[in-house]
Amino acid sequence: MTAPEAFFERLSENRFASTEHTRGPWDASSQHAGPPAALLGRAVEERPGARTDMRLARITFEIVRPVPIRPLEVATTVLRAGRSVEVVEATLAPEGEAPVMMARALRIRTTEDPGPAVAEGPQQPSPGQTAATPFFDVPWDIGYHTAMDTRFTEGAFMDRGPGTCWMRMRVPLVAGEEIRPLDRVLVAADSGNGISNVLDFNQHVFINADLTVHLHRHPVGEWVCVEARTSVDAAGIGLADAQLHDEKGPIGRSAQSLFVAPR
């Protein structure tokens, strides 16, 4: 039986089956953190009673342990409900188990008569002007590496140092459902440490224990660009910091705290 052409299949309102497309590059039984992060982001936005006049401005994910490729349950709780700001918590857990990933999101009310938009940086070269960039070698045929289209304008997965990569989902987040702007950002944003790796993949691990994404606007179009750089201290703690773009310009930033150690 072939894997559905999506990262997840919806089993019920809050239950999802994980497909092979979520598989990360390091462990055949664990997911890349991008797809489950996007699933939590979607849960925050589509929960019952969610206000349509608010938009996600910041979301922080705590990755408690590797996310298994198994059926998962999503739950949301409103921690603060204000006139202009709300804070929502979301959890992701294998059925009958403790959460493996948690998110806390800040949503801000949009206004009908906003001030003028202010551009905050130049546009990146268009992904249409850039050739597809191969992923580094992965020992399985189906996974996140095949579900994403990647095109570097600076660096490459096997190069060390800062990197800039356009990313596009080849499959939807949930089978049979439309890809949303926030899906595109969160599926891509967790790749900052891989795009800007500064150490040899074969000799070191540099795993992120969290991910924070700030957005001043949601993207337009199919592509999200991650312009990333990684810094590592000799004590084994690192930071991958990235500016996020779409084809119109900057949309926000992401940051990942890294655990770095020899293999």
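Since this is a predicted model, take the numbers as computed values, not measurements.

A. Structural detail: the environment of Phe136. Its place among the elements puts Phe136 in the loop between strand E6 (101-109) and helix H2 (144-147). A relative accessible area of 10% places Phe136 in the buried class. Each residue touching Phe136, except ones within four places of it in the same chain, is listed here: Pro25, Trp26, Phe157, Met158 and Phe201.

B. View of the layout of surface pockets. The calculated volume of the largest pocket comes to roughly 640 Å³. In this structure, the largest pocket is lined by 28 residues; those nearest its centre are Pro25, Trp26, Gln31, Ile207 and Asn208. Those elements that place two or more of their residues in the lining of the largest pocket are helix H4 (192-195) and strand E9 (204-208). The dominant element in the lining of the largest pocket, judged by the number of residues it contributes, is E9, at five residues.

C. Structural view of the side chain of Thr212. Secondary-structure assignment places Thr212 in strand E10 (residues 210-215). Only 3.0 Å separates the side chain of Thr212 from the side chain of Thr60, close enough to count as a polar contact.

Parameters and conventions
- Residues numbered from 1 in each chain as written.
- Predicted model: local features only at pLDDT ≥ 70, side-chain atom pairs only at ≥ 80, totals over all residues.
- Heavy atoms only, no water.
- Helix = DSSP H or I, 4+ residues; strand = E, 2+ residues; numbered from the N terminus.
- Buried < 20%, exposed > 50% of the residue type's maximum accessible area, 1.4 Å probe, protein only.
- Contact = heavy atoms within 4.5 Å.
- 1 Å grid on protein atoms, 1.4 Å probe; cavity = no way out; pocket = protein on both sides within 12 Å on 5 of 7 lines; lining within 4 Å.
- Points joined across faces, edges and corners; volume = space filled by probe spheres on them.
- Polar contact = N/O pair within 3.5 Å; in protein donor to acceptor, adjacent residues only side chain to side chain.

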